[in-house]
Amino acid sequence: MLCIKPNKNEKMVRDQKFLKTLLGKLDRGEIRRDFWLQRKSTQWNNQIRDQAIVTTVQGEDIDPVKICEEIREGKPSQKWIVDGGNRFEAWNTFYNNVFALGKNLENYIVPYEATKKDENGNVVKDEDGYPIMEELEFDLRGKRYKDLPMELKERFNNYKVIYVEHSNCTESRMGYHIRRYNNQKNMNKNQKSVTYMEQTAKWTKEITSSNPFFKELPCYHGASEKNSDPERVMLDTAMIIFFKDEWKSNAEKNALYVETNGEKDQFNLLDNYLGRMYVLVEDDDELSKLFEKKDAPMWIALFDKFSKLEMDDSKFKEFLKAFVGGLRETKINGESFDEIKGNKSTKNRNTIFGKLEYLESLMMDFFSINKEDIVESFETTDRFDAFATKFENTELMEALGVPMGNDIDRIAAQTLMTVCGKTDFSDKAIQEFITADEYTEDNIEDVDLYLDEVNEWSLELPAGTTLLKAKYVPAMVGFVKYTYDNDTNTDALNWFKDYAFQCTKPENDVQKLLNDMKEDFNSYLTYKENKTA
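Residues numbered from 1 in each chain as written. Predicted model: local features only at pLDDT ≥ 70, side-chain atom pairs only at ≥ 80, totals over all residues. Heavy atoms only, no water.

Asker: Just checking my understanding: could you explain the overall build of the protein chain for this structure?
Answerer: Helix and strand counts for the protein chain come out as 25 helices and 7 strands. Evaluated residue by residue, the protein chain yields a buried proportion of 44% over its 533 residues. If you take every contact in the protein chain between residues at least 6 apart in sequence, the share linking residues at least 24 apart comes to 71%. Taken as a whole, the protein chain presents about 28,800 Å² of accessible surface, with 45% of it coming from carbon and sulfur. (Helix = DSSP H or I, 4+ residues; strand = E, 2+ residues; numbered from the N terminus. Buried < 20%, exposed > 50% of the residue type's maximum accessible area, 1.4 Å probe, protein only. Contact = heavy atoms within 4.5 Å. Areas by Shrake-Rupley, 256 points an atom, 1.4 Å probe, with all protein chains shown as cover.)

Asker: I'm lost on the state of the cysteines in this one. Help?
Answerer: Working definition of a disulfide: a covalent bond connecting the sulfur atoms of two cysteines. What the rule picks out here adds up to 0 disulfides. The closest cysteine sulfur to the non-disulfide-bonded C68 is located on C169, 4.2 Å from its own sulfur. Overall, C68 belongs to the buried group, its relative accessible area being 0%. (Disulfide = S-S within 2.5 Å.)

Asker: Before we go on, may I ask you to explain helix α18 (residues 382-392) in this structure?
Answerer: Every α-helix carries 3.6 residues per turn, so stepping three or four residues along brings you back to the same face. Looking only at α18, the buried set comprises F384, F387, A388 and F391. With its buried residues spanning 100 degrees around the axis, α18 presents them on a single face. Among the exposed residues of α18, those pointing more than 90 degrees away from its buried face are D382 and A386. (Arc of directions from axis to C-beta.)

Asker: Would you mind going over the sheet that holds strand β1 (residues 11-18) with me for this structure?
Answerer: The strands making up a sheet are joined through hydrogen bonds of the backbone, oriented either antiparallel or parallel. One open sheet holds the 5 strands; their spatial order is β1-β7-β3-β4-β2, and the pairing between them is mixed. Each edge of the open sheet carries a strand with a single partner, namely β1 and β2 (31-32). Relative to strand β7 (residues 160-169), strand β3 (residues 65-70) runs parallel, the two being bridged by 5 bridges. Its bridge partner lying in β7, I67 is registered against E165. Contacting β1, β2, β4 (78-83) and β7, helix α1 (residues 19-28) crosses the sheet at an angle of about 110 degrees to β1. Each of β3, β4 and β7 is contacted by helix α3 (residues 85-95), which is oriented at about 105 degrees to β4, the strand it contacts most. (Pairing = 2+ DSSP bridges. Axes fitted to C-alpha atoms, helices over the stretch in contact; angles between N-to-C directions.)

Asker: Is there a simple way to explain the nonpolar core in this structure?
Answerer: Within soluble globular proteins, side chains that are nonpolar tend to cluster in buried spots. Formed by 55 residues in total, the largest nonpolar core has its most connected members in W299, F316, F319 and L320. Per-element tally for this core: the top contributor is helix α12 (residues 264-281), with 9 residues. Sequence-distant contacts of L320, defined by excluding residues within four places in its chain, comprise V281, L287, L290, F291 and W299. By size, the runner-up hydrophobic cluster in this structure holds 48 residues, among which are A412, F425, A429 and Y472. (Core = buried A, V, L, I, M, F, W, Y, C linked by side-chain atoms within 4.5 Å.)

Asker: How should I be thinking about the packing of aromatic side chains in this particular structure?
Answerer: Under the counting rule described, the total for this entry stands at 41 aromatic pairs. With a centroid separation of 6.2 Å and 90 degrees between ring planes, the pair formed by F94 and Y145 is classed as edge-to-face. With F94 in helix α3 and Y145 in the loop between β6 (133-139) and α4 (150-157), this pair connects stretches of sequence that are 51 residues apart. In this arrangement the basic side chain of R49 is found over the ring face of F99, its NZ or CZ atom lying 3.6 Å from the centre. If you follow K143 out to its NZ or CZ, it ends over the ring of F138, 5.3 Å from the centre. (Phe/Tyr/Trp six-rings, centres within 6.5 Å; stacked < 30°, edge-to-face > 60°. Lys NZ or Arg CZ within 6 Å of the ring centre and 35° of its normal.)

Asker: Mind showing me how you'd approach a negative patch on the surface here?
Answerer: Taken together, D312, D498, E507, D509, D516, E519 and D520 make up a surface patch of like negative charges. In this structure, D312 sits in the loop between α14 (296-307) and α15 (313-324). Residue class for D312 comes out partly exposed when judged on its relative accessible area of 35%. (Patch = residues over 30% accessible without salt bridge, like charges linked within 9 Å, V, L, I, M, F, W, Y side chains within 5 Å. Salt bridge = Lys/Arg side-chain N within 4 Å of Asp/Glu carboxyl O. Lys, Arg positive; Asp, Glu negative; His and termini not counted. Charge placed at Lys NZ, Arg CZ, Asp CG, Glu CD.)

Asker: What's the story with the side chain of T483 in this structure? I'm lost.
Answerer: If you trace the backbone, T483 turns up in helix α23 (residues 473-485). Beyond its immediate stretch of four places on either side in the chain, T483 contacts T488, N489, A492 and F521.

Asker: How do you make sense of the pairing of strand β5 (residues 109-115) when you look at a structure like this?
Answerer: In the case of a regular strand, side chains alternate between the two sheet surfaces. Residue alternation in β5 divides its side chains into a buried set, V110, Y112 and A114, and an unburied set, I109, P111, E113 and T115. As paired elements, β5 and β6 share 7 bridges and run antiparallel to each other. If you follow I109 over to β6, its bridge partner there is D139.

Asker: Help me out: how do you make sense of the pattern of salt bridges in this one?
Answerer: Pairing between side chains of opposite charge can happen when their charged atoms approach one another. Enumeration over the complete set of coordinates arrives at 24 salt bridges. As a salt-bridge pair, K25 and E30 come within 3.3 Å of each other at their nearest N and O atoms. A residue is classified by how much of its surface remains accessible, and K25, at 21% relative accessible area, is partly exposed. With its nearest N and O atoms 3.0 Å apart, the salt bridge here joins D427 to R410. With D427 in helix α21 (residues 427-436) and R410 in helix α20 (residues 405-419), this residue pair connects regions lying 17 residues apart in the sequence. No difference in accessibility class separates D427 from R410, as the two residues are buried. Through salt bridges that share partners, K25, R28 and E30 make up one connected network.

Asker: Hey, could you run me through the packing of α23 against helix α24 (residues 489-502) in this one?
Answerer: When two helices pack together, their arrangement is captured by the angle between the axes and the distance separating the axes. Look at α23 against α24: their axes get within 8 Å of each other, and the N-to-C directions meet at 140 degrees. The angle between the axes of α23 and α24 places the two elements in the oblique class. Remark: the crossing between α23 and α24 carries right-handed chirality. Taken together, the residues of α24 that come into contact with α23 (itself represented by M476, F479, T483 and Y484) are N489, A492, W495 and F496. Here the contact of α23 with α24 is built from residues that sort into 6 nonpolar, 2 polar and no charged. (Parallel < 35°, antiparallel > 145°, perpendicular 65-115°, else oblique. Left-handed = near helix turned anticlockwise from the far one by under 90°. Nonpolar A, V, L, I, M, F, W, Y, C, P; charged D, E, K, R; others polar.)

Asker: Is there a simple way to explain α12 in this structure?
Answerer: Between its first and last C-alpha, α12 extends 26 Å over 18 residues, near the 26 Å set by a 1.5 Å rise per residue. When α12 is considered as a whole, its buried residues turn out to be Q266, F267, L269, L270, Y273, L274, G275, M277, Y278, L280 and V281. (Expected span 1.5 Å × (residues − 1).)

Written out as structure tokens, the structure is:
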């Protein structure tokens, strides 16, 4: 390895100067930024350039600039910028009004203090003759240096640039310093996008560092983990499931949107999905490969749709096995899955949602379900909304954890339907029930009564009992109604504690679970009667 020794007279000094002073030295050629070992001055795009100006006007910190003094035999020395040349290029061209800042800025509103002036431009003073100061704000978007108010021009001019200067350098030492300062790896797009997610990044990191989906699946080890692929999967998945209408191929824009609109419950739901999906594929290398970073968000979004079907998770595994076994070759609208995928960008809206729509149709056909019967968003009435809000705020639902959006409407409606004696709990039936608006106030009062009963029962069970989940509430309420109708509610609690302990895999279908509970309870009553006879 080449060893370049420093000149015995070489020294390093750290200092700071006003930006305008350094720009003057640059203009006079006392400092130059075109050393031949440096990269061209076009390394920054406009957005990076503009953000450097915003940072300066806001008075925020910037990494020190590095300068080397070249010793030239028999000639005056020359100072060169060896790290930070792009910053100087941005500062200098902005100062000389070469460009206006763009519209796509972050942190573009600058607060500043200025003397108050009247409509004629005269300084307003207080009763003691002192100028009155006022707090103002300035929008930097689309502005040149000449457009800045005097106070912000002064702030820009007087910005203190920290610099490190190496004196008495040879050309070879300058080359060494350039390599040393550039010996780093910049953030990739995944890593940079996470920086826009201040609160949601915390939730994301909690999941990616603990969920077995990311910790155990081989496709997220090594370079994938180092490149923050798990975080990108979480970001893209959140956008596809919760904010699909706002999807952008730009990760930074998606990150900003999720940070502004994301909720903790949404990330809790994703955590739940990922844990359940890991169980399905952990022992099958072929299936686990489906969940590599490029396609994982799409498959997780499909699982979100599957979860609304109220089937056992094992059914989703059956579909996955069929898919890798040849079902992917099925043509829908003249295209197979791989033909849709093709060589198109995996972040393109049409590609992502085209594949998702294809898989959803394929899955529905596999399970012989009419896609038209699945409701993405229920059309509700004011009366039902009032009921659903009251239902959501009950002690039981708050204890179990309230689902989001469409799910809470579904569970609230199914619960009311069991009290009304309904037996079809499909999305289509739910929508018809809500629209018909035929339930009575007595029905609503009965729901309150039965929910209180289920809540009392839940207090007798240990935390983590499988049945204590929101999706099983309609069946439990329907069962309480059954015991009241048959005057057997006094026997129900003792039976329920034993049943809940043994029922580790409840039916997801409301009517099937309700029938199972009735059958088991009746067997319990028969046994009790025979035992005491």
